[in-house]
Amino acid sequence: MTSCQTTDFDRIPRTGFVTHYKKTDHSRMPFDSYWDISDNTDWDQRVLGEKHKSNPIYVAPVTLEYFDGMPPSLKGRREIEKLAAYFDARLKAVLGKLDAQNNTFHLVAAPQSDAYTVQIALLSAKAARPLENIAGDAAGFFVRGAGLLTATDSDSKGSISMGARYYAPGGKLVAEVADFQYGRTSLFGMLLVDLKDFSLFAYQRRTIDQWVDEFAKLFTTTHATKVKKPLFSLNPV
């Protein structure tokens with residue numbers, strides 16, 4: 001699959017968006033890099049309802065300003081722009097739904113002095129290789145169907161990475177995270193066929209869905225809550 005000398009932490013592009021890299025052991029954070037200088041007292045008080053909605057949150061549009069390896073073609077760039085737009089739309093939709101449920105935070109449409117600010121950048125994205133994946137599915141169908149799961153080539157599933165910066169009210173940078181992931185075959189795909197193998201960026205959209213779920217959990221839980229990456233994916237599309 002990959003060299004044991006290189007970790008996903010090492011694969012995060014150093015583009016300048018994230019300024020503090022700290023490898024995490026995933027005991028609390030699901031991301032490969034996590035840096036934090038806040039004691040999180042205000043955040044925990046907000047989550048616990050002691051400061052219910054006293055501090056709004058502004059989530060800036062997902063940016064491509066720090067993207068590493070932008071495709072040279074207009075068609076390729078548009079695919080990356082669609083991926084960033086998908087990330088932005090999914091994040092706003094999920095957080096907006098939580099906000100509407102009278103959760104412990106309130107989204108605002110623009111920066112303001114009393115708001116937490118979250119900035120997210122898509123740092124890289126490489127498409128899957130459908131022809132290789134389809135050929136691999138065909139060659140391994142009977143093996144997988146018999147219950148023997150074969151190893152997959154991570155590069156053929158594509159990859160994606162992102163970074164996020166978190167500012168306290170007043171503008172002080174208090175936390176940064178970053179993550180890199182190869183496309184992951186679903187549990188269903190391991191046994192039969194993963195439909196994401198037929199698309200260039202379907203694996204990366206599923207990774208974005210996972211990140212959005214993780215951000216939603218982090219936004220609504222205390223600092224000590226452990227949020228971990230899922231062991232496997234259930235979604236074959």
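Summarised in this report is the structure supplied together with it.

Cut-offs applied
- Residues numbered from 1 in each chain as written.
- Predicted model: local features only at pLDDT ≥ 70, side-chain atom pairs only at ≥ 80, totals over all residues.
- Heavy atoms only, no water.
- Helix = DSSP H or I, 4+ residues; strand = E, 2+ residues; numbered from the N terminus.
- Buried < 20%, exposed > 50% of the residue type's maximum accessible area, 1.4 Å probe, protein only.
- Contact = heavy atoms within 4.5 Å.
- Areas by Shrake-Rupley, 256 points an atom, 1.4 Å probe, with all protein chains shown as cover.
- Pairing = 2+ DSSP bridges.
- Axes fitted to C-alpha atoms, helices over the stretch in contact; angles between N-to-C directions.

## What about the overall build of the chain?
Scanning the chain for helices and strands turns up six helices and six strands. Element order for the chain, N to C, with α for helix and β for strand: α-β-α-β-α-β-β-α-β-β-α-α. Of all 237 residues assigned to the chain, the portion counted as buried reaches 46%. For the chain, the share of sequence-separated contacts (at least 6 apart) that also reach a separation of at least 24 residues comes to 76%. For the chain, the accessible area works out to roughly 11800 Å², and carbon and sulfur atoms hold 58% of it.

## Notes on the sheet that holds strand 1 (residues 33-36)
Judged by pairing direction, the sheet is mixed, and its six strands sit side by side in the order 1-6-5-4-2-3 without closing on themselves. Both edges of this open sheet fall to strand 1 and strand 3 (107-108), since each of them pairs with a single strand only. Packed on one face of the sheet, helix 3 (residues 74-100) meets strand 2 (57-59), strand 3, strand 4 (116-126) and strand 5 (159-167) and runs near 145° to strand 4. Together, strand 2, strand 4, strand 5 and strand 6 (173-182) form the strand contacts of helix 6 (residues 202-219), whose direction differs from that of strand 5 by roughly 25°.

## Overview of the side chain of Asp209
If you trace the backbone, Asp209 turns up in helix 6. Beyond its immediate sequence surroundings of up to four residues, Asp209 is in contact with Tyr86 and Arg90.

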